[in-house]
Amino acid sequence: MSDYDEADLHIEKPKTHAAGPVAVAVSMKRALGHMGAVRTAKTLLDLNQAEGFDCMSCAWPDPDPGHRHAAEFCENGAKAVAEEATTTRATPEFFARHSIAELDARSEHWLGQQGRITHPMVRLPGATHYEPIEWDDAFRLIGDELNSLASPDEALFYTSGRASNEAAFVYQLFARAFGTNNLPDCSNMCHESTSFALQETIGIGKASVTLDDVYDAELIILAGQNPGTNHPRMLSALEKAKQNGAKIISINPLREAGLLNFKNPQTARGMVGPGTDLSDYHLPIKINGDLALFQAIGSLLLKWDSIDHEFVESYTAGFDEWREHVASVDWNVVTDATGLTVQQITKAAEMLRDSKATVFCWAMGLTQHRNAVATIKEVTNLALAQGNIGKRGAGLLPVRGHSNVQGDRTMGIWERVPELFLDAIESEFGFDPPRKHGLDTIDSIRAMRDGKAHFFLGLGGNFAQATPDSEVTFEALRRMRMTVHISTKINRSHLVTGDIALILPTLGRTEKDVQKSGPQWISVEDSTCSVHSSRGPLKPASEYLRSEIAILTGIAEATLGDRYGIDWRAMREDYRNIRTHIARVVSGCDGYEVNVRRPGGFILPHPPRDSRKFETPSGKAEFTSSPIDVLHVPDGHLLLQTLRSHDQFNTTIYGLSDRYRGIEGGRRVVFVHREDIAALGYRDGDFVDLVTKWDDDDIDRSASNFRIVEYDTPRGCAAAYYPETNPLVPLDSTATDSNCPTSKSVVIQLVPAGTTTAVDNHGHQDEMRSDEVHKKHPQPHHLS
Ligand SMILES: Nc1nc2c(c(=O)[nH]1)N[C@H]1C(S)=C(S)[C@@H](COP(=O)(O)OP(=O)(O)OC[C@H]3O[C@@H](n4cnc5c(=O)[nH]c(N)nc54)[C@H](O)[C@@H]3O)O[C@H]1N2
Ligand SMILES: Nc1nc2c(c(=O)[nH]1)N[C@H]1C(S)=C(S)[C@@H](COP(=O)(O)OP(=O)(O)OC[C@H]3O[C@@H](n4cnc5c(=O)[nH]c(N)nc54)[C@H](O)[C@@H]3O)O[C@H]1N2
Ligand SMILES: [Mo]
């Protein structure tokens, strides 16, 4: 039953450049393999065009309509499209052939390869298989279940960041009309730390730059981000910035290929020449050392008086406390926490000093730690100190993950949505929405585990596999009375089910969406607050699919009837009716219908960016002072970060080639420094199990059969792929304030993979789910 054999795993030298001809070849091979030639041409040429559809692979902005290439997409965008537009189908016959238990024994990669789900499916209590169900019956089952709950707060409404603005708006309206703010989303595991930090310091949780600012920057800082893999189109923007004279500093435990050199496939130089060197200076920081680094840089800028005093005086508060706090930074603590020398840090600080316009970019390398909020506030301190907000070529740029995760928040997918938004819902729809904050992702899992929630609905995503502490989460989901997933393809969340489970198959971004009033389009927001429309070119994968909006309004009608007189049908039949509501409810969206239809769309207001207005309680941008909180890793342990390979989109595994890091044919690898491997008594190529050390509970957490790969990473640090490592992330290990799982700071030990079966050691591991593997390993904890 193996789809591939981990014995195929082989290791090569990491690459020193990203993209180039190989990327083009891989894009075409995957696209042709999944879609064939005609579909490939039809979809890829429409991707990211003004009249085309928005790429679902990341939230990087598009150039202005006049400046787009005929092929405005990257290798990983092409893979994402191929994955959705595949011609393979998971039909009712497929579900009849394979029991749920059998499917659950397969890897996430294999599940994804079974193609698009064609019919709504149900698993009834006690059944071993999914069977087809009519749409209306599915809606009735859901409505009955929801109406039988003792309280609306026993229901959880999860969203993954691919949902359109229109679907997101309808979804949150339904949840609130039903009576709960339980709207957990993938953002809770992603940029939540960013949203929290920026909201407190600059009054809005979003990027303060546009794409033009990136082009015009003098200095760009890339901290905790791997753009070559996760935001490949960003490399074109960085290349353009460099051509305009920008310098780049990368801060990362790994020398990711995309940080080193970019071979732009749009240019001759990129296809056959040497490419463009991107990073001018690389800081190989220890995992979790960024807070200390940024405070140290702050202390140097203060020492050199490289401060924009006028900006600080006019627009900020808290500067004096911050100055005092960082002036007394302890350099021993800093060098210990960062693994960097005073010289290295000084050189980076000099580059900041010499720049009159700096853009600060970051992603998961900063957000998924216990001290993540403090770290991001420290980035903000640096930006404020030099007046780098609300200035051309400068600002804060958290680079978002899912293509519409930011738009979903704007539309109210937020368990702690501001009162003003709820007031606007009340005046638009005439009902008083619940005011009590809802549950985020982690608290939702706790509520399920503790028997306080009984119903789970996922609008996209793969909740079971994306969340931390897989064992605990799986058990929590299995306690549900009903789990429902609106999905395109099969994933783990369909197999770890409540008593009743439903799969509601939906149209994807690549597909035509025709409703009663005719063809529809949807809208999305990127990382730079730019909102634009998207329309798919392809015929739907099956005639039984419904759009997300049709499904959500169907559920709403079956659950609420005509409660509050909300006209769900009008919204379904013509999405313009949704946008009319959006224009009246969501701030900054006046004239939405017209603005969003303009080629390239429109940019939402952002007070700090537009006019240096800071909507904090003090009316000023806030400097904040945070103690340097250093994670203590006991001897014999390593600090593990869980990251993405080049061949996956979150829990969707496209293939087994992490080309830039030299990993081919498998995923169960752990990257460790040569001297740590030796010090722990192992050799490169040994197989180990990873075991978590977590003081606050006595659960044994492990993930088995990882091949040790010697890698250029700081001493004491390790890296391995997500989601195979999710069983290792304790549920209660979250970032202070934002409650984001600490997926980049997991204290682990390596123990020999000795007690596993032969097959465990030498192959098929990816076929075995980590939680099953775990059960076979009540390992004696071997301390080296
Ligand atoms: N092709 C593709 N595109 C994607 C995704 C995908 O899975 N595949 N996922 C999307 C989503 S949802 C998101 S959120 C983004 C994620 O985009 P990224 O944040 O780039 O994703 P990760 O792979 O988690 O990489 C984190 C980077 O941070 C570094 N890092 C880890 N710990 C630290 C630290 O303590 N300090 C510093 N300075 N660096 C650290 C790692 O070495 C790695 O380079 O990408 C989006 N785009
Ligand atoms: N250990 C560890 N865990 C992490 C992270 C990490 O770095 N390390 N990263 C975290 C981050 S940043 C994020 S954002 C989360 C991601 O968490 P999620 O967003 O929940 O997970 P995805 O893997 O992106 O979801 C993929 C599924 O979405 C469905 N899907 C795809 N397209 C569509 C569509 O158009 N409509 C609908 N309805 N469904 C669709 C498919 O069925 C597919 O299986 O994971 C988090 N978990
Ligand atoms: Mo994300």
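In the annotation of an unreviewed UniProt entry, the chain is listed under the name FdhF/YdeP family oxidoreductase and assigned to Rhodococcus sovatensis. What the UniProt record of the chain gives under Sequence similarities (unreviewed entry) is the line "Belongs to the prokaryotic molybdopterin-containing oxidoreductase family."

Caption draft 1: Representation of the overall build of the chain. If you tally the helices and strands in the chain, you get 33 helices and 34 strands. Relative to its length of 784 residues, the chain is compact, with a C-alpha radius of gyration of 25 Å against a globular reference of 28 Å. With the C-alpha coordinates of the chain rotated into their principal frame, the extents come out at 70 × 65 × 55 Å. Counting across all 784 residues of the chain, residues that qualify as buried make up 66%. As displayed, the chain offers around 26,700 Å² of accessible surface, 50% of which is attributable to carbon and sulfur atoms. Side chains of the chain give 80 positive and 106 negative charges; the mean places of these two sets differ by 4 Å.

Caption draft 2: Geometry of the site of ligand 2. Looking at ligand 2, there are 30 residues lining it, with Tyr158, Ala466, Glu548, Thr651 and Tyr722 nearest. At 3.0 Å from an oxygen atom of ligand 2 is found a main-chain nitrogen or oxygen belonging to Asn462. At 2.6 Å, a side-chain N or O of Thr651 approaches an oxygen atom of ligand 2. A total of 920 Å² of accessible area belongs to ligand 2 in isolation, and the protein chains cover 95% of it. The class makeup of the residues in the shell around ligand 2 is 9 nonpolar, 16 polar and 5 charged. Structurally, the shell around ligand 2 is a two-domain feature, drawing no fewer than three residues from each of domain 2 (89-189 + 404-605) and domain 4 (638-776).

Caption draft 3: Layout of the pairing of strand β34 (residues 746-752). For β34, the tally of buried residues reaches 6 of 7 residues, placing the bulk of the element in the interior. Strand direction decides the pairing type here: strand β25 (residues 638-643) and β34, joined by 3 bridges, are antiparallel. Across the sheet, the residue bridging to Leu638 is Ile748, located in β34. Pairing of strand β31 (residues 687-692) with β34, which is carried by 5 bridges, proceeds in the antiparallel orientation. Across the sheet, residue Asp689 finds its bridge partner in β34, namely Val751.

Caption draft 4: Fine view of the environment of Ala735. Residue position: Ala735 is located in the loop between β33 (717-721) and β34. Overall, Ala735 belongs to the buried group, its relative accessible area being 3%. Along the backbone, Ala735 and Ala372 are 363 residues apart, and their C-alpha atoms lie at a distance of 6.1 Å. Not counting residues up to four positions away in its chain, the partners in contact with Ala735 are Ser193, His369, Arg370, Ala372, Cys740 and Thr742.

Caption draft 5: Focus on the site of ligand 1. Taken together, 32 residues sit near ligand 1, with Asn252, Glu256, Asn288, Gln648 and Asn650 positioned nearest. Between ligand 1 and Ile251 there is a distance of 3.0 Å, counted from a nitrogen atom to a backbone nitrogen or oxygen. Note that an oxygen atom of ligand 1 is positioned 3.1 Å from one of the side-chain N or O atoms of His369. Elements that contribute at least two residues to the shell around ligand 1 include exactly α10 (227-230), α19 (364-367), β25 and β26 (648-649). Per-class residue counts for the shell around ligand 1 are 11 nonpolar, 17 polar and 4 charged.

Caption draft 6: Fine view of a nonpolar patch on the surface. A contiguous nonpolar surface patch, about 410 Å² in accessible area, is contributed by Val24, Met28, Leu32, Met271 and Val272. Relative to the elements of secondary structure, Leu32 occurs in helix α1 (residues 21-44).

Caption draft 7: Structural view of the packing of helix α14 (residues 290-303) against helix α16 (residues 319-327). In contact at an axis separation of 8 Å, α14 and α16 are set at 105° when each is read in the N-to-C sense. By the criterion of interaxial angle, the relationship of α14 to α16 is roughly perpendicular. Every residue of α16 that contacts α14 at Gln295, Gly298, Ser299 and Leu302 is listed here: Phe319, Trp322, Arg323, His325, Val326 and Ala327. Partitioning the contact of α14 with α16 into residue classes produces 5 nonpolar, 4 polar and 1 charged.

Caption draft 8: Geometry of helix α6 (residues 135-147). Taking 1.5 Å per residue, 13 residues should reach 18 Å; α6 reaches 18 Å between its end C-alpha atoms and fits that length. Along α6, the residues classified as buried are Trp135, Ala138, Phe139, Ile142, Gly143, Glu145 and Leu146. Along the axis of α6, the buried residues cluster in a sector spanning 165°; they form a single face. Summarising the geometry of α6, the exposed residues directed more than 90 degrees from the buried face are Asp136 and Asp144.

Caption draft 9: Inspection of the sheet that holds strand β1 (residues 10-11) at higher detail. Overall, antiparallel pairing links the 3 strands, which are arranged β1-β29-β28 in an open sheet. Of all strands in the sheet, those with a lone pairing partner are β1 and β28 (657-658), marking the two edges.

Caption draft 10: Region of the structure containing the domain arrangement of the chain. You can read the domains of the chain as domain 1 (16-84), domain 2 (89-189 + 404-605), domain 3 (192-399) and domain 4 (638-776). Opposite the 27 residues of domain 2 that make contact, domain 4 presents 26 residues. Buried area between domain 2 and domain 4, both sides added, is near 2,300 Å², and the carbon and sulfur share of it is 50%. Across the contact surface, domain 2 and domain 4 share 2 salt bridges. Asp469 is paired through a salt bridge with Arg701; the nearest N and O atoms lie 2.7 Å apart. Where domain 2 packs against domain 4, one counts 10 residue pairs in polar contact (both at pLDDT 80 or more). In terms of residue class, the side of domain 2 that touches domain 4 is made up of 8 nonpolar, 8 polar and 11 charged.

Caption draft 11: Inspection of the sheet that holds strand β22 (residues 530-534) at higher detail. Taken in spatial order, the 3 strands make up an open sheet running β21-β22-β23, and their pairing is antiparallel. Strand pairing shows two members of the sheet lacking a second neighbour, β21 (522-525) and β23 (602-603), which therefore form its edges. Packed onto the sheet, helix α7 (residues 165-178) meets β21 and β22 and runs at close to 90° relative to β21.

Caption draft 12: Quick peek at the nonpolar core. With 66 residues, the main nonpolar core has Phe157, Phe455 and Leu504 as its most contacted residues. Of all the elements, α7 adds the most residues to this core, at 10 residues. Sequence-distant contacts of Phe455, that is, excluding residues within four places in its chain, are made with Ile142, Glu145, Leu146, Leu149, Glu154, Ala155, Leu156, Phe157, Met480, Met482 and Val484. With 51 residues, the next largest nonpolar core counts Phe196, Ile285, Ile345 and Val373 among its residues.

Caption draft 13: View of the environment of Phe262. Of note, Phe262 is situated in strand β10 (residues 261-263). C-alpha of Phe262 to C-alpha of Asn252: the two residues are 10 residues apart in sequence and 17 Å apart in space. Ignoring anything within four residues of it in the chain, the contact list for Phe262 reads Ala18, Ala19, Leu235, Ser236, Glu239, Gly275, Thr276 and Leu278.

Caption draft 14: A look at the side chain of Glu239. Relative to the helices and strands, Glu239 resides in helix α11 (residues 233-243). Beyond its immediate chain neighbours, meaning those up to four positions away, Glu239 contacts Phe262, Asn264, Thr276 and Leu278.

Caption draft 15: Spotlight on unusual backbone geometry. With an omega of 5°, the peptide bond running from Tyr722 to Pro723 counts as cis. With respect to the helices, strands and loops of the structure, Pro723 is situated in the loop between β33 and β34. You will see that Ala19, though not glycine, has its phi angle at about 65°, which is positive. Following the sequence through the fold, Ala19 ends up in strand β2 (residues 18-19).

Caption draft 16: Looking closely at the side chain of Asn650. With respect to the element layout, Asn650 can be found in the loop between β26 and β27 (652-653). By relative accessible area, which is 15% here, Asn650 ends up buried. A polar contact is formed between the side chain of Asn650 and the side chain of His402, at a distance of 3.3 Å. Apart from the residues lying within four places of it in its own chain, the contact partners of Asn650 are His402, Arg644, Tyr722 and Pro723.

Definitions and cut-offs
Residues numbered from 1 in each chain as written. Chains lettered and ligands numbered in written order. Predicted model: local features only at pLDDT ≥ 70, side-chain atom pairs only at ≥ 80, totals over all residues. Heavy atoms only, no water. UniProt positions renumbered as here; feature names shortened; annotations may be inferred. Helix = DSSP H or I, 4+ residues; strand = E, 2+ residues; numbered from the N terminus. Rg over C-alpha atoms; globule rule 2.2 N^0.38 Å. Buried < 20%, exposed > 50% of the residue type's maximum accessible area, 1.4 Å probe, protein only. Areas by Shrake-Rupley, 256 points an atom, 1.4 Å probe, with all protein chains shown as cover. Lys, Arg positive; Asp, Glu negative; His and termini not counted. Charge placed at Lys NZ, Arg CZ, Asp CG, Glu CD. Near = heavy atom within 4 Å. Polar contact = N/O pair within 3.5 Å; in protein donor to acceptor, adjacent residues only side chain to side chain. Nonpolar A, V, L, I, M, F, W, Y, C, P; charged D, E, K, R; others polar. Domains from an automatic or database assignment. Pairing = 2+ DSSP bridges. Contact = heavy atoms within 4.5 Å. Patch = residues over 30% accessible without salt bridge, like charges linked within 9 Å, V, L, I, M, F, W, Y side chains within 5 Å. Salt bridge = Lys/Arg side-chain N within 4 Å of Asp/Glu carboxyl O. Axes fitted to C-alpha atoms, helices over the stretch in contact; angles between N-to-C directions. Parallel < 35°, antiparallel > 145°, perpendicular 65-115°, else oblique. Expected span 1.5 Å × (residues − 1). Arc of directions from axis to C-beta. Buried area = accessible area lost by both parts, 1.4 Å probe. Core = buried A, V, L, I, M, F, W, Y, C linked by side-chain atoms within 4.5 Å.

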